[in-house]
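Observations on chain architecture
Here's the letter readout for the chains.
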Amino acid sequence: AGPLDIVMLGAKGDGKTDATQAVMKAWKNACGATGTQKIVIPPGNFLVGALELSGPCTSSIIIRLDGNLLGTGDLTAYKKNWIEVMRVDNFTINGHGTIDGQGPLVWEKNQCSKHYDCKILPNSLVLDYVNNATIRGITLKNAKFFHLNLFKCKTVLVENVEITAPGNSPNTDGIHMGDSEDVTIKATNIGVGDDCISIGPGTKHVKIHGSRCGPGHGISVGSLGRYKDEKDVEDIQVTNCTIKGATNGLRIKSYEDSKSALRATRFVYDDVKMDNVSYPIVIDQKYCPNNICAKAPGASKVVVADIVFKNIVGTSATPEAVTLNCVNNVPCQGLQLVNVNLKYTGTNNKTMAVCKNAVGTSVNVVKELACL
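Numbering of residues starts from 1 in every chain and runs along the sequence as written. Totals for whole chains, interfaces and linings use all residues, but because this is a predicted model, local features are given only for residues with pLDDT of at least 70 and pairs of side-chain atoms are given and counted only at 80 or more. Just so you know, side-chain values use all the structure's heavy atoms and leave hydrogens and water out.

Labelled according to an unreviewed UniProt entry, the protein chain appears under the name Exopolygalacturonase, originating from Aegilops tauschii subsp. strangulata. Its UniProt record gives the protein chain a comment under Subcellular location (unreviewed entry), which states: "Secreted, Cell wall". UniProt, in its Function (unreviewed entry) section for the protein chain, records the words "May function in depolymerizing pectin during pollen development, germination, and tube growth. Acts as an exo-polygalacturonase." UniProt positions are given in the numbering used here, feature names are shortened, and annotations may be inferred rather than shown by experiment.

Below you can see the structure in the form of structure tokens.
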């Protein structure tokens, strides 16, 4: 296949010399070969710009990452994303190394809190149209925007991955996925400045297990309904997880003036511990960031149904431990609160649930939260 170790291809691990071409050469050599090919990124600090790792390939590719990839702070080096793997089957990235977006160099250029249709900074690791992928053992840190983004992917495993950025860093979602199916995230630890995990429209069959979130904005589905032609979200399982010091815990959010009709159904949240989470359980069908919505009351076309919150225990940093804020024209249906025990940690108020247009059952739930 030709050399697959980036140092043999001229990369220098000094953190200063641009190693982009060496990585691209290794990819070209591996992609054009057959069998299983292993690209090696050995210990060292390798500065790289945009990497477009495109298929289709005639081989299965493993990237062994034991060094650190550093994303250049020069934004002119990127068309869109930083490391983008596209149209590849059987792709693995593993090792003990780090994908470091060097976000602190550019976060101040992020205008998304001021302008809703802002210029998006480069995401760190993006998989588009990738089938049968494994991301294991590595660390993703300080992304300029999202750390890991999955679009139109099938059968992805994220295991033993560490994702980290300061709690106040802008739009640094840990893992975002859209239009993808059969995604498993396990034994992964995420602390970022936005959603730890966000599940966008068109995503189904997701399992999140044995993972931790915090700081960040929790494990979110949505927002749903922002654009036309969005597809349903179904069969999401979040089990045996801990959320600590996050602004939200388990959240489903959709636009009140939604542009598309879709369903969010068959979610099970089971055995999730909350530790000082501001809003541990949230369904918000009136989501409207920066107050940009048309504020069309009762016009939602997003159906939220068959959602189970079971064995959710711990502490809330605000009195409002459960928020089920549904719309009157499509109320939330088939909700279940089972063995839910969340306590407000403060002394100036009592724990409470705020529920509107929510239909379902409460079983063995502390009485101040049993609003269904």
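1. Structural notes on the overall build of the protein chain
Segments assigned H or I by DSSP are reported as helices when at least four residues long, segments assigned E as strands when at least two residues long, and all are numbered from the N terminus. Per the secondary structure count, the protein chain includes 1 helix and 31 strands. Using C-alpha atoms as the atom set, the radius of gyration is obtained and then compared with a globule rule of 2.2 Å times the number of residues to the power 0.38. Rg of the C-alpha trace for the protein chain: 21 Å, near the compact-globule value of 21 Å for 372 residues, within the 12% margin. The rule is simple: take the accessible area with a 1.4 Å probe, protein chains only, and divide by the maximum for that residue type; under 20% is buried, over 50% is exposed, in between is partly exposed. Scored against the burial criterion, the 372 residues of the protein chain give a buried share of 52%. Contacts: residue pairs with any heavy atoms within 4.5 Å of one another. Counting contacts in the protein chain only where the partners sit at least 6 residues apart, residues at least 24 apart contribute 76% of the total. Where accessible areas are quoted, they stem from the Shrake-Rupley method and a 1.4 Å probe; at the residue level, only the protein chains shown are allowed to cover. Surface summary for the protein chain: the accessible area is close to 15,300 Å², and the carbon and sulfur share equals 49%.

2. A closer look at unusual backbone geometry
Of note, the amide linkage connecting Gly214 to Pro215 takes the cis form, showing an omega dihedral of 0°. With respect to the helices, strands and loops of the structure, Pro215 is situated in the loop between β21 (212-213) and β22 (219-224). Each neighbour pair has its own omega, and for Gly222 with Ser223 the value is 15°, a cis peptide bond. Here Ser223 shows up in strand β22. Phi is positive for Arg87, which is not a glycine, with a value near 55°. For Arg87, the position within the fold is in the loop between β7 (83-86) and β8 (89-94). Here Arg87 falls in the partly exposed class, since its relative accessible area comes to 44%. The backbone phi angle of Asn160 is positive, close to 55°, even though this residue is not glycine. Residue position: Asn160 is located in the loop between β14 (154-159) and β15 (162-164).

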